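Listed here are the chains, written in short residue letters.
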Amino acid sequence: MKALLKITTVVAFMFIAAISMAKEPKLILTAYSEAKMLVLELENVSNNTYIKFKDAQDNVIYAESVSDDLYFKKFNLKELTDGTYFFETDGAFKSTIYSIKVENNKLIILDKKEIVKPFFREVDSRVFLNLLNLEKKDVMIKIHDQESRLVFEEKVTEEMIVEKTFNFSDAYEGNYTISVLYGDKSYDKDFVVN
């Protein structure tokens, strides 16, 4: 049992190290309370990084796709009414959500939540899936073909590290979608078999 725990811990650290070495943006969000201003700094931005500012009803107030290697922007929030708002950055490997409160002409960052995304890697006719599931939530993995037929389904429970390999070498030609659902999020990976 101890050997299994050691191996699992080593694999988890290797997975975390691989994700941290990948080109994931460095994120700094600073609130200037009296000025009702947010300052966002991003370094090492990948081409698929998005930022959104939303209100409590999930209405998007501001959205932008960021692709510069170094990104710096000030957000003037003086015109906002009192309430709760959410600032999100969505990168290739994780999403970060800040809860922000505007009250009595002041701005306060209440909370920061990070959601690790599944990592997909293609090698020849195989797709590798890795997911660091620290909260050990139930993970549902499904594969659909191009006609939306379910060709694979598996529910993974109580696993901190979810690792799967899907071999498409004997699959029929066409498009396939691998879906990973955990928590209230869903992530898809499209794969073509020639």
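Topic: the sheet that holds strand S10 (residues 126–132)
Here is step 1: On the basis of which strands lie adjacent, the open sheet formed by three strands has the order S9-S10-S13 and antiparallel pairing. Each edge of the sheet is formed by a strand with only one pairing partner; in this case those strands are strand S9 (119–123) and strand S13 (161–167). When strand polarity is set aside, the average angle formed by the axes of neighbouring strands in this sheet is 15°.
Here is step 2: Judged from the five bridges that link them, S9 and S10 form a sheet pairing that is antiparallel.

Some details on the packing of aromatic side chains
Pairs of aromatic rings are described using the distance from one ring centre to the other and the angle between the two planes.
Here is step 1: Inspection of every chain in the model, using the stated rule, returns nine aromatic pairs.
Here is step 2: Between Phe 168 and Tyr 176, the ring centres sit 5.3 Å apart and the planes meet at 50°, which makes this aromatic pair tilted. In terms of burial, Phe 168 and Tyr 176 fall into one category: buried.
Here is step 3: Sitting over the face of the ring of Phe 128, Arg 121 holds its NZ or CZ atom 4.6 Å from the ring centroid.

Considerations on the pattern of salt bridges
Side chains that carry opposite charge are capable of pairing whenever their charged atoms lie near each other.
Here is step 1: Counting across every chain of the model gives 14 salt bridges.
Here is step 2: A salt bridge links Glu 135 to Lys 137, with the shortest nitrogen-to-oxygen separation between them at 3.3 Å.
Here is step 3: On the basis of relative accessibility, which here comes to 60%, the residue Glu 135 falls in the exposed class.
Here is step 4: Across the pair Lys 155 and Asp 138 runs a salt bridge, and its minimum N-O distance is 3.6 Å. You can see Lys 155 sitting in strand S12 (residues 150–156) and its partner Asp 138 sitting in the loop between S10 and strand S11 (139–145), a full 17 residues away along the chain.
Here is step 5: On the accessibility criterion, Asp 138 (40% relative accessible area) is partly exposed.
Here is step 6: Overlapping salt bridges, with partners in common, bring together Lys 54, Asp 58 and Glu 88 in one network.

Structural notes on the confidence of the model for the protein chain
Here is step 1: Averaged over the protein chain, the pLDDT score is 84; the fraction of residues at 70 or greater is 86%.
Here is step 2: Per-element confidence in the protein chain ranges from a low mean pLDDT of 53 for helix H1 (residues 2–21) to a high of 96 for S11.

The rules behind the values
- Residues numbered from 1 in each chain as written.
- Predicted model: local features only at pLDDT ≥ 70, side-chain atom pairs only at ≥ 80, totals over all residues.
- Heavy atoms only, no water.
- Pairing = 2+ DSSP bridges.
- Helix = DSSP H or I, 4+ residues; strand = E, 2+ residues; numbered from the N terminus.
- Axes fitted to C-alpha atoms, helices over the stretch in contact; angles between N-to-C directions.
- Phe/Tyr/Trp six-rings, centres within 6.5 Å; stacked < 30°, edge-to-face > 60°.
- Buried < 20%, exposed > 50% of the residue type's maximum accessible area, 1.4 Å probe, protein only.
- Lys NZ or Arg CZ within 6 Å of the ring centre and 35° of its normal.
- Salt bridge = Lys/Arg side-chain N within 4 Å of Asp/Glu carboxyl O.
- pLDDT = per-residue confidence, 0-100.

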